[in-house]
Amino acid sequence: MKKILITGFEPFDKEKINPSEEILKQIDQELYPCHIHTRLLPVTVNEAGEMVKEAIESIQPDYLLSLGLSGRISQIALERIAVNLVDARIPDNNGDQPEDMIINTQGPVAYWSSLPIRTLEKNLKAKGLPIYLSYSAGTYICNYVMYTALDYIEEKELKTKSGFIHVPFLPVQCLEHPLRSSMDLNLLMKMINTVIDTFLNEP
Ligand code: PCA
């Protein structure tokens, strides 16, 4: 049976919830003919990278899907690229705010997502889900986790395919952000189900 690791993040930046954490809570492992592992990551430069590496090492998943919130998007963003940089716009949950921090001084400038992006795009659009291909996961903790995971997989020569999806605010969060877009959790769960199906249908 295939092994899929899905990560989400704790709330950050004054938010009380993070949709990526709510998605992890809703995942019903019984529904899928595969092993689903979930990990909730802290929004900290110090810990998040180490935690994702430990999870990859202990689980050795076929797929790693990392999820995070972007309050600036109105559609689900399939991230295509992770850059070797942390340049934090706001402090993380430890109060750290790195500027121009190279994640791995020996590493490449960027990694492509190794997920089947075009198949995901096709399958998600076929389900009527509003998604787009994104060419920047930012320079904060989400990009940091995406880069760190791909770099670790490369270093250890693992077969794990790995990538990142950013999701918008949940509707309740927009009470505090009236001009921002949101997406219902049911739609986000439809997205997760389609992504998992896509992984399971890959050879
Ligand atoms: N989003 C942030 C970090 C945690 C999260 O959910 C980001 O886009 O970097």
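Because the structure is predicted, anything quoted here is derived from the model rather than measured.

S.K.: It is not clear to me how the environment of Leu129 should be interpreted in this structure. Could you clarify?
M.R.: Note that Leu129 resides in the loop between helix 3 (117–126) and strand 7 (131–134). In this structure Leu129 comes out as buried when scored by relative accessible area, which is 4%. In this structure, the C-alpha to C-alpha distance between Leu129 and Gln75, residues 54 residues apart in sequence, is 8.5 Å. Among all residues touching Leu129, those that are not within four sequence positions of it are Leu124, Leu187, Lys190, Met191 and Thr194.

S.K.: Please explain the layout of surface pockets as it appears in this structure.
M.R.: Taking a probe equal in size to a water molecule and rolling it over the atoms shows the remaining empty space. Each pocket or cavity is described by its volume, and for the largest pocket that value is around 600 Å³. Around the largest pocket sit 29 residues that line it, and Leu69, Ser70, Gly71, Arg72 and Arg89 are the ones nearest its centre. Taken together, the elements giving at least two residues each to the lining of the largest pocket come down to strand 4 (76–79), strand 7 and helix 4 (141–155). If you tally residues by element for the lining of the largest pocket, the top one is helix 4, at three residues.

S.K.: Can you walk me through the pairing of strand 8 (residues 161–167) in this structure?
M.R.: Walk down a regular strand and you will see the side chains alternate between the two sheet faces. Among the seven residues that make up strand 8, six are buried, leaving the element largely enclosed by the rest of the structure. Of the pairings in the sheet, the one linking strand 3 (residues 63–69) to strand 8 comprises seven bridges and is parallel in character. By the bridge assignment, Leu69 is partnered in strand 8 with Val167. Here three bridges tie strand 4 to strand 8, and the two strands are oriented antiparallel to one another. In the strand pairing of strand 8, Ala77 is matched with His166.

S.K.: Just to check I follow, could you spell out helix 3 for this structure?
M.R.: For the α-helix, the turn length of 3.6 residues means that residues three or four positions removed from each other point alike. Within helix 3 the residues assigned to the buried category are Ile117, Leu120, Glu121 and Leu124. Angular distribution of buried residues about the axis of helix 3 spans 100°; they occupy a single face of the element. Facing away from the buried side of helix 3 by over 90 degrees, the exposed positions are Lys122 and Ala126. Following helix 3 by one or two positions, Gly128 adopts a phi angle in the positive range, close to 80°.

S.K.: Is there a simple way to explain the site of the ligand in this structure?
M.R.: Around the ligand lies a shell formed by Phe9, Phe12, Asn18, Val43, Gly68, Leu69, Tyr140, Ile141, Cys142 and His166. At 2.9 Å, a side-chain N or O of His166 approaches an oxygen atom of the ligand. The protein chains hide 94% of the 260 Å² of surface that the ligand would expose on its own. If you list the elements that add at least two residues to the shell around the ligand, you get strand 3 and helix 4. In terms of residue class, the shell around the ligand is built from seven nonpolar, three polar and no charged.

S.K.: Explain the nonpolar core here, please?
M.R.: Generally speaking, nonpolar side chains in soluble globular proteins are found buried as a group. The biggest cluster of nonpolar side chains holds 34 residues, and the ones touching the most others in it are Phe9, Ile56, Tyr140, Ile141 and Val145. Sort the elements by how many residues they give to this core and helix 4 lands first, with 10 residues. Look past the residues within four positions of Ile56 in its chain and what remains in contact with it is Leu5, Pro61, Leu64, Ala149, Tyr152, Ile153, Leu158 and Thr160. Counting residues in hydrophobic clusters, the runner-up holds 32 residues, among them Tyr63, Leu78, Leu120 and Leu133.

S.K.: What is the right way to look at the side chain of Gln173 in this model?
M.R.: With respect to the secondary-structure elements, Gln173 resides in the loop between strand 8 and helix 5 (185–201). Among the polar contacts made by the side chain of Gln173, one reaches the main-chain amide nitrogen of Leu170 at a distance of 2.9 Å. Excluding anything up to four places from it in sequence, Gln173 contacts Glu15, Ile17, Pro19 and Leu69.

S.K.: When you look at the sheet that holds strand 7 in this model, what are you seeing that I'm missing?
M.R.: Strand pairs in the sheet, formed through backbone hydrogen bonds, run parallel or antiparallel to each other. Strand order across the open sheet formed by six strands is 2-1-3-8-4-7, with mixed pairing between neighbours. The two strands at the open ends of the sheet, each matched to only one other strand, are strand 2 (35–41) and strand 7. Across this sheet, the average inter-strand angle for adjacent strands is 25°, counted without regard to direction. Relative to strand 3, strand 1 (residues 3–9) is paired through four bridges, and the arrangement is parallel. Within the sheet, the bridge partner assigned to Thr7 lies in strand 3 and is Ser66.

The rules behind the values
Residues numbered from 1 in each chain as written. Predicted model: local features only at pLDDT ≥ 70, side-chain atom pairs only at ≥ 80, totals over all residues. Heavy atoms only, no water. Helix = DSSP H or I, 4+ residues; strand = E, 2+ residues; numbered from the N terminus. Buried < 20%, exposed > 50% of the residue type's maximum accessible area, 1.4 Å probe, protein only. Contact = heavy atoms within 4.5 Å. 1 Å grid on protein atoms, 1.4 Å probe; cavity = no way out; pocket = protein on both sides within 12 Å on 5 of 7 lines; lining within 4 Å. Points joined across faces, edges and corners; volume = space filled by probe spheres on them. Pairing = 2+ DSSP bridges. Arc of directions from axis to C-beta. Near = heavy atom within 4 Å. Polar contact = N/O pair within 3.5 Å; in protein donor to acceptor, adjacent residues only side chain to side chain. Areas by Shrake-Rupley, 256 points an atom, 1.4 Å probe, with all protein chains shown as cover. Nonpolar A, V, L, I, M, F, W, Y, C, P; charged D, E, K, R; others polar. Core = buried A, V, L, I, M, F, W, Y, C linked by side-chain atoms within 4.5 Å. Axes fitted to C-alpha atoms, helices over the stretch in contact; angles between N-to-C directions.

Geometry only, nothing functional implied.
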